[in-house]
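Structure at a glance
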Amino acid sequence: MEFRHLRYFLVLAEELHFGRAAQRLAITQPPLSLNIQQLEASVGAQLFTRNSRGVQLTAAGQAFVPAARALLDQANQAAREARDVSQGLVGSLQIGFVGTALYRGLPGILKSFGAEHPRLRLVLREMSSSEQLIDLRHERLDVGFVHTTHVPAGFSQILLSSQPFVACLPAGHALARRKRLSLSRLQGEPFAMVSRAVSPDYHERFLGLCADAGFAPELRYELRHWLSVVSLVAQDLAVALVPAAMQQAGLPAAVFVPLDAQAQPYDTHCLWLSDRRPDALTAFLATVQAFAQPLE
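Here we summarise the structure given alongside this text.

Thresholds, definitions, all that
- Residues numbered from 1 in each chain as written.
- Predicted model: local features only at pLDDT ≥ 70, side-chain atom pairs only at ≥ 80, totals over all residues.
- Heavy atoms only, no water.
- Buried < 20%, exposed > 50% of the residue type's maximum accessible area, 1.4 Å probe, protein only.
- Helix = DSSP H or I, 4+ residues; strand = E, 2+ residues; numbered from the N terminus.
- Arc of directions from axis to C-beta.
- Pairing = 2+ DSSP bridges.
- Axes fitted to C-alpha atoms, helices over the stretch in contact; angles between N-to-C directions.
- Patch = residues over 30% accessible without salt bridge, like charges linked within 9 Å, V, L, I, M, F, W, Y side chains within 5 Å.
- Areas by Shrake-Rupley, 256 points an atom, 1.4 Å probe, with all protein chains shown as cover.
- Salt bridge = Lys/Arg side-chain N within 4 Å of Asp/Glu carboxyl O.
- Phe/Tyr/Trp six-rings, centres within 6.5 Å; stacked < 30°, edge-to-face > 60°.
- Core = buried A, V, L, I, M, F, W, Y, C linked by side-chain atoms within 4.5 Å.
- Expected span 1.5 Å × (residues − 1).
- Contact = heavy atoms within 4.5 Å.
- Disulfide = S-S within 2.5 Å.

1. Considering helix H6 (residues 129-137)
What H6 keeps buried is the set Ser129, Gln132, Asp135 and Leu136. Down the axis of H6, the smallest arc covering the buried residues is 125 degrees, so these residues share one side. In the segment just after H6, Glu139 is the residue with positive phi, at about 60 degrees.

2. Side note on the sheet that holds strand E6 (residues 155-163)
In spatial order, the strands read E4-E3-E5-E12-E6; together these five strands make up an open sheet with mixed pairing. The open sheet terminates on both sides in strands that have one partner only, identified here as strand E4 (120-126) and E6. The sheet shows a mean angle of 20 degrees between the axes of neighbouring strands, taken without regard to direction. Here strand E3 (residues 91-97) pairs with strand E5 (residues 143-147) via three bridges, running parallel. Each bridged residue has a counterpart across the sheet, and for Gly96 the counterpart in E5 is Gly144.

3. A closer look at a nonpolar patch on the surface
Together, Met1, Val43 and Leu71 make up an exposed nonpolar region whose accessible area comes to about 240 Å². Mapped onto the fold, Leu71 is located in helix H4 (residues 59-86). The partly exposed category is assigned to Leu71, whose relative accessible area is 35%.

4. With respect to the packing of aromatic side chains
Counted under the stated rule, the structure contains 11 aromatic pairs. Judged by centre distance (5.7 Å) and plane angle (85 degrees), the rings of Phe165 and Tyr266 are edge-to-face. Pair noted here: Phe165 is in strand E7 (residues 165-170) and Tyr266 is in strand E12 (residues 266-273), with a separation of 101 residues, a long-range link. For Tyr266, a relative accessible area of 2% translates into the label buried. Each member of the aromatic cluster is reached from another via a ring pair, and the members are Phe165, Phe191, Tyr202, Phe206, Phe215, Trp226 and Tyr266.

5. Structural notes on the pattern of salt bridges
Where side chains of opposite charge bring their charged atoms close, a pairing between them can arise. Scanning the model with the defined rule gives 13 salt bridges in all. A salt bridge links Asp135 to Arg140; its shortest N-O distance comes to 2.8 Å. The exposure class assigned to Arg140 is partly exposed, which follows from its relative accessible area of 42%. In this structure, Glu218 and Arg220 form a salt bridge, with 2.5 Å as the shortest nitrogen-oxygen distance. For Arg220, a relative accessible area of 43% corresponds to the partly exposed category. Several salt bridges converge on common partners, so that one network encompasses Glu14, Glu15, Arg20 and Arg24.

6. What to know about the nonpolar core
Ranked by internal contacts, the top residues of the largest apolar core, which has 40 residues, are Leu186 and Val242. Looking at this core, the elements with two or more residues in it are E7, strand E8 (190-194), helix H7 (200-212), helix H8 (226-234), strand E10 (240-243) and strand E11 (254-258). The element that contributes the greatest number of residues to this core is H8, accounting for six residues. By size, the runner-up hydrophobic cluster in this structure holds 23 residues, among which are Leu110, Phe284, Leu285 and Ala292.

7. Things to note about H7
The terminal C-alpha atoms of H7, which comprises 13 residues, lie 18 Å apart, in line with the 18 Å expected from a rise of 1.5 Å per residue. The positive-phi residue at the C-terminal boundary of H7 is Gly214, with phi of around 95 degrees.

8. Focus on the sheet that holds E7
With antiparallel pairing, three strands are arranged side by side in an open sheet as E10-E7-E11. With partners counted over all chains shown, the strands left at the sheet margins are E10 and E11, one partner each. Going from strand to strand, the sheet's axes swing by 45 degrees on average, the running direction of each strand aside. Two elements, E7 and E10, share four bridges in a ladder whose sense is antiparallel.

9. A word on the side chain of His147
Residue position: His147 is located in strand E5. If near-sequence neighbours (up to four positions away) are discounted, His147 is found in contact with Val98, Ser129, Ser199, Asp201, Tyr202, Arg205, Tyr266 and Asp267.

10. Points about the state of the cysteines
Here the structure, examined in full by the defined rule, presents zero disulfides. The cysteine Cys168 is free of any disulfide, with Cys210 supplying the nearest cysteine sulfur at 14 Å. The class of Cys168 is buried, set by a relative accessible area of 0%.

Structural data, given as structure tokens:
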């Protein structure tokens, strides 16, 4: 019994027609008939009945279908595992990420890559952008998903997503029902934001946006995670400027309002050391590229 016999058998079992089965297999009917006869001889049972009305599975044939599928699946799995080992696609990848990546692309990347390479373990570490850059340089991370306005020298990058900032307001706020608003309308409000230590780029940009709007913000709360910022706003303790992806956080007591003025977007980059491209990382980056937001 050969795997070719099993494949021919399953196609014929689906089509129940030698002509259509041969066409699917890209062969002629005589070799298909010969292979089925060889399989039946190997099994020791007739798997099909053939008459003027067509082809039918025998009881033995019907019982053999799930077993044949299982054998082919096992063979394909074994081939995939051998290929992964030969290509270095076993072991683990250390992946850093900023929290907003969970709302823009990263879950789909992990699901898709995991389905293709189940033997490669993905170790996730939620870290600030600055922490990731340090660990990437020291090779404690293989790849990172960071927010930055400038990709440092020595790194390669894929732009995963680019999104606008929006105002995040408590649901009961006087401006919460507006379709758009000017940032200047939030002058005098207490702000929650991600701290300078966690995201110096964002911190500087936020202060610059407020300065352009004609005011210096009251920084009441500085936190490590964007979800914490939105949660604080939902508790009616502050307002905030957050990446648009945080609308997916699912906190009904927080409202998100687009800004009138278009600010520089919040970009999430996938970064890795340019001179470090093991096979597992190369395969992972191919999946990242497939999910990257198209440039307009």
